Each structure stands twice: as C-alpha cells, then as structure tokens.
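Now for the letters of each chain:
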Amino acid sequence: MELLAFGDTGWGDELFYATLMTIAVAITAMLIGFLFALIFTPLKLSKNKFLNLIANSYTTVIRGVPELLVIYLLFFGGTGAVMYVASIFGYNEYIEINAFITGAFSIGIISGAYSTEVFRGAIQSIDKGQFEAANVLGLNKFGKFFKIILPQTLRLAIPNLSNVWQITLKDTSLISVTGLVEIMRQSYIAAGSTRDPLFFYSFAAVLYLLLTFLSMKLINKLEVRYSRGY
Amino acid sequence: MDIELMVSSFPKLLGATVITLKLLSVSLVIGLFIGLIFAILRLNKNIFISRFAYGYSYIFRGTPLLVQIFIIYFGLGQIEYLRSTVLWVILKEPYWCAIIAFALNTGAYTSEILRSAFQTIKPGLIEAGKSLGISNKIIFYKIQIPIAIRQSLPAYGNEIILMMKGTSLASTVTLMDLTGVAKYIISTTFKPVEVFIVAGGIYLFMTFIIHNVIKYLEKKYSFSQ
C-alpha cells in the first residue's frame, strides 16, 4: 500500500495524474473521431460512387489494420508530414509534435472509423417517412437534420457509441509506446523503478476497470434520457 | 515513395506474417475452448458459478489487452514460487505468454458470444428433442451446440478479425510478428508510409480472407437449407 502513497515516497499522485491523462486522451480522441464521422458518414450515404469509395476505404483500412500499426505510422510519419506541409508554406524549421496530439489523433482516426459505421447504420435505420414528413412540413435542410434526423439518430446510435467509447478508452493504452505518460506508461515506469511489475500492472488493470465501469453508468443515464419519447 | 524499400521489405514482412498467423490460430483454438467452458458455466443455475464466469468475462473485456500481456509476461515472473515449478518453462517464453494472454482475452469475448447464442435458441427445439425421448446429453451436443455455432458465426467472425489485430501487441513483448518487424523496418529506415502500405496490405488481405470464409460458412449453414 505504501507504494501508492501520494508525494515523493509513493506512486499514488503520479498514477492519479496518469489516469486523468488517459481520460483526457480518450475524450479528445472520441471528439476527433466524431469529427471524422461527421465528414465520412455523409460520404458513405452519398449517391456518388467515388465519394462512397473514399469513405469505404477509410473505414475498411482502419478497421482491418492493427491499431498499433496506425500509431507507428503517425508517430514516425506525423512529424515528417507536418513539416512537409509547413515547407510548402515556406516554413523550414524543425517541428516537433507533442505526444498528446499524436496519440489523441491516431486513436481519434481509429475511433472515427467505428463511429462512422455506427452513424451510418443509425441514419439508415430511420424510417423513410420521417424524411418525407420533414419535407412536407417545409423544413429547410438544417431544420430537417437538427430537429428531425439527429435526435432520432442519437437515440439509435448511443448503445453502439458506448461500445466505441469502450474500444477508444482501451486503445489509449497503446499510445504508451510513444512515451505519453498515461496509465500504462506510468505503470511501466513505476514497475521498472520498484521492480514490482505484478502490483503496478494489476493496479493499472483495476484503474481501467474502474474507468469502464463508471463510463458505463454514465452512458446508461444518457441512454435513458435520449429514449424519453419511447 | 521508395518502391525499392517496399519490394525489399515484402519478404521480411511475409516471413513475420507466419508468426502472426501462428499466434492467431493457437490462441483462437485455446480461446474457443475456454469460451465454450465459460459460456456453459455462465448458464449454470448455481449463482456463484455463473457470477464467477461473468466476473472472468467482465475483467478481461474491461481492461486493455496490453495490460493483460504485461501482467502475464512481466508480472507473473515476479512470483518466486512460479519460477520453481514446471510452469516456468512456459512462462519465461514471451511467445507462450502472448498466447496465454490472447487466449484468455478472446475466451472472454467468445464466452459472451456463445452465451447469447445459447440463450436465443428457441425452447421449442429443446422440448421437441425431449419429446422424442433424446437424452439431455445428446440434445446438448446434437441440437444446442450446432445451432449455437450457427447463431454465433457472424459475431465470431468479427472476433477473429479483432484478435488478428490484437496479435500485433505481441511486438511489445519482444516477439517479431508482422507489426514487430514493420516497426523495426520503420525505425531503421524512417520510411513509415512505405512500410505501412506493405504491412497494412498484408493485414487487410488476411481480414479479407477471414471475412469471406465466415461469409461462406454462414451461407453453408444457414437455416433455410
């Protein structure tokens, strides 16, 4: 237990901050994922074959390739890509990308592919009559989307999005390979310096269980809220 | 784009694919066995037994696979007693530690898939078996298990693909699987895009094959026939 003391003698405070980091990365990644879903879901539903192809390649590649490989691509290739873009605009200094941004972005791309599929499924399962009724009521495009389609999509999507959240939360453990100090990395450091890996990795497992358990409770509440009318 | 590097790294990556496939197949076989046992335990009427099975699947599904591998590979070696037993022959090898972690992990997901498949079997089918005077054992092996396997094929196909991606974590415990070799080539040549295209292509090809095999099996064993 003294291994978990707060302050200089134990690893309690370090692990506490590492847990906050895991939560921060997971939330940022989830939001980046939504952004990707916002772009790719319309492409998936579009009637244009070429746009379909783009969206389908994104979701197929990301869901068919290991997360770790995507992280390595962005970790080793991200700096180069950003510097290349910057050099087009005439900036030739070395740019170092923060580990948090690389990590959240790579997990975000992965989570985005899953979110896209969830939103596509949800929108497709909305009754056609709803679209037609919205047209009949004379709602414009925005009104139709935000007042009619989106609330119904959310209700259908929340259970599946909660799965995406669980996957995203667990995937954040993988970005420890890039050196970002989240739960896994901190446990690795603590295990190395105390020579007690069993304790620290088991404690990390407990922290992850706690996070998944608490987020399930929260999501269940959301689910109830969005199913009010049913 | 360095085409030469892509061509020269292809055989190396293909060689590493063999390790990935070995890890995948061995852990899937063990995992299916574990999953079946825990699915049956889960449906047991004894509340302690079913709680135990639920706890197993909850813990393994609620924690990242990486933590599980690290606990088994780094953590278990710390227990002095284990080092003196026969088990140590297995546990000192990263290969077997990875397989144990993968098998336990996929076992947890498989048990959930099979449990829901067993639960969705129509009671009428079991009653029909009983009224024909078939023993409970035969009903289980000849009626419940085949139907459950058919029911769970689509979900299990997804699990195989997830597990194939999961084997990439073996590279974190020094194994040179497809991802491990890919990372090695990337860190020595600093050409991440080229290596990603080749290694990712191999993974996608495997996903494609698995997907189609499952689709074929689904069709073959569909109820309508």
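Residues numbered from 1 in each chain as written. Chains lettered and ligands numbered in written order. Predicted model: local features only at pLDDT ≥ 70, side-chain atom pairs only at ≥ 80, totals over all residues.

Participant: Before we go on, may I ask you to explain the overall build of chain B in this structure?
Facilitator: Each helix and strand in chain B was counted, giving 10 helices and zero strands. Start at the N end of chain B and walk to the C end: the helices and strands fall as α-α-α-α-α-α-α-α-α-α. In terms of overall dimensions, chain B has a C-alpha envelope of 70 × 50 × 25 Å along the principal axes. Taking the contacts inside chain B whose residues are at least 6 apart along the sequence as the reference set, 78% of them involve residues at least 24 apart. (Helix = DSSP H or I, 4+ residues; strand = E, 2+ residues; numbered from the N terminus. Contact = placed C-beta atoms within 7 Å.)

Participant: Mind showing me how you'd approach the overall build of chain A here?
Facilitator: Assigned secondary structure in chain A consists of eight helices and zero strands. When its helices and strands are written in sequence order, chain A yields α-α-α-α-α-α-α-α. Each principal axis of the C-alpha atoms in chain A carries an extent, and together these give about 70 × 50 × 30 Å. For chain A, the proportion of its 230 residues judged to be buried stands at 36%. Of the contacts made within chain A by residues no fewer than 6 positions apart, 72% connect residues no fewer than 24 positions apart. (Buried ≥ 20, exposed ≤ 12 C-beta atoms within 10 Å, placed from the backbone.)

Participant: What exactly am I supposed to notice about helix H7 (residues 123–131) of chain B here?
Facilitator: Since the α-helix turns once every 3.6 residues, residues separated by three or four places project in the same direction. Counting buried residues along H7 of chain B, only zero of its nine residues qualify, which leaves the element largely exposed. Positive phi shows up at Gly 133 of chain B, right after H7 of chain B, with a value of about 80 degrees.

Participant: Could you clarify how one ought to interpret the confidence of the model for chain B in this entry?
Facilitator: A low pLDDT score tells you not to read the predicted coordinates there in detail. Residue and element names in this part refer to chain B. Counting all residues, the mean pLDDT for chain B is 91, and 99% of those residues have values of 70 or more. Confidence scores differ between elements of chain B, with helix H4 (residues 80–84) showing the lowest mean pLDDT of 79 and helix H2 (residues 47–62) the highest of 95. Among the scores for the predicted complex, ipTM is 0.87 and pTM is 0.89. (pLDDT = per-residue confidence, 0-100.)

Participant: Explain the interface of chain B and chain A to me, please; I cannot follow it from the model alone.
Facilitator: Where interface size is quoted, it is often the accessible area lost as the parts come together. The partner chain A presents 27 residues to the 31 residues of chain B that form the contact. Counting residues per element, the ones that place at least two in the side of chain B that touches chain A are H2, helix H3 (65–75), helix H9 (178–189) and helix H10 (192–220) of chain B. Of all the elements, H10 of chain B adds the most residues to the side of chain B that touches chain A, at eight residues. Looking at the side of chain B that touches chain A residue by residue, the class counts come to 19 nonpolar, 10 polar and two charged. (Nonpolar A, V, L, I, M, F, W, Y, C, P; charged D, E, K, R; others polar.)

Participant: I keep staring at the nonpolar core and nothing clicks. Help me out?
Facilitator: Inside soluble globular proteins, nonpolar side chains tend to come together where they are buried. Grouped together as the largest cluster of nonpolar side chains are 103 residues, with contacts concentrated most on Ala 204 of chain A together with Ile 69 of chain B. Of the residues forming this core, the biggest block, 12 residues, is contributed by helix H6 (residues 94–119) of chain B. Beyond its immediate stretch of four places on either side in the chain, Ile 69 of chain B contacts Cys 97, Ala 98, Ala 101, Leu 169, Thr 172 and Val 173 of chain B. (Core = buried A, V, L, I, M, F, W, Y, C linked by C-beta atoms within 7 Å.)

Participant: When you look at unusual backbone geometry in this model, what are you seeing that I'm missing?
Facilitator: Residues apart from glycine generally show negative phi values, whereas peptide bonds are mostly found in trans. Residue and element names in this part refer to chain B. One non-glycine residue with positive phi stands out, namely Thr 174, at about 70 degrees. Topologically, Thr 174 is positioned in the loop between helix H8 (136–166) and H9. Positioned with a positive phi, Phe 190 is a non-glycine residue whose angle comes to about 55 degrees. Its location among the elements puts Phe 190 in the loop between H9 and H10. A tally of 11 C-beta atoms within 10 Å means that Phe 190 is categorised as exposed.

Participant: Mind showing me how you'd approach the packing of helix H3 (residues 67–88) of chain A against helix H4 (residues 99–124) of chain A here?
Facilitator: Axis angle and axis distance: for two packed helices, these are the angle between their axes and the distance between the axes, and together they describe the pair. Residue and element names in this part refer to chain A. Running from amino to carboxyl end, H3 crosses H4 at an angle of 140 degrees, the nearest separation of the two axes being 9 Å. On the basis of their axis angle, the class for H3 and H4 is oblique. Between H3 and H4 lies a crossing whose hand is right-handed. In contact with Glu 67, Val 70, Ile 71, Leu 74, Phe 75 and Gly 78 of H3, H4 contributes Thr 102, Phe 105, Ser 106, Ile 109 and Ile 110. Partitioned by chemical class, the residues of the contact of H3 with H4 number seven nonpolar, three polar and one charged. (Axes fitted to C-alpha atoms, helices over the stretch in contact; angles between N-to-C directions. Parallel < 35°, antiparallel > 145°, perpendicular 65-115°, else oblique. Left-handed = near helix turned anticlockwise from the far one by under 90°.)

Participant: What am I meant to see in the packing of H3 of chain A against H9 of chain B here?
Facilitator: The N-to-C vectors of H3 of chain A and H9 of chain B enclose an angle of 5 degrees; their axes lie 10 Å apart at closest approach. In terms of orientation, H3 of chain A lies roughly parallel with respect to H9 of chain B. The residues of H9 of chain B that touch H3 of chain A, namely those facing Leu 68, Leu 69, Tyr 72 and Phe 76 of chain A, are Thr 179, Ala 182, Lys 183 and Ile 186 of chain B.

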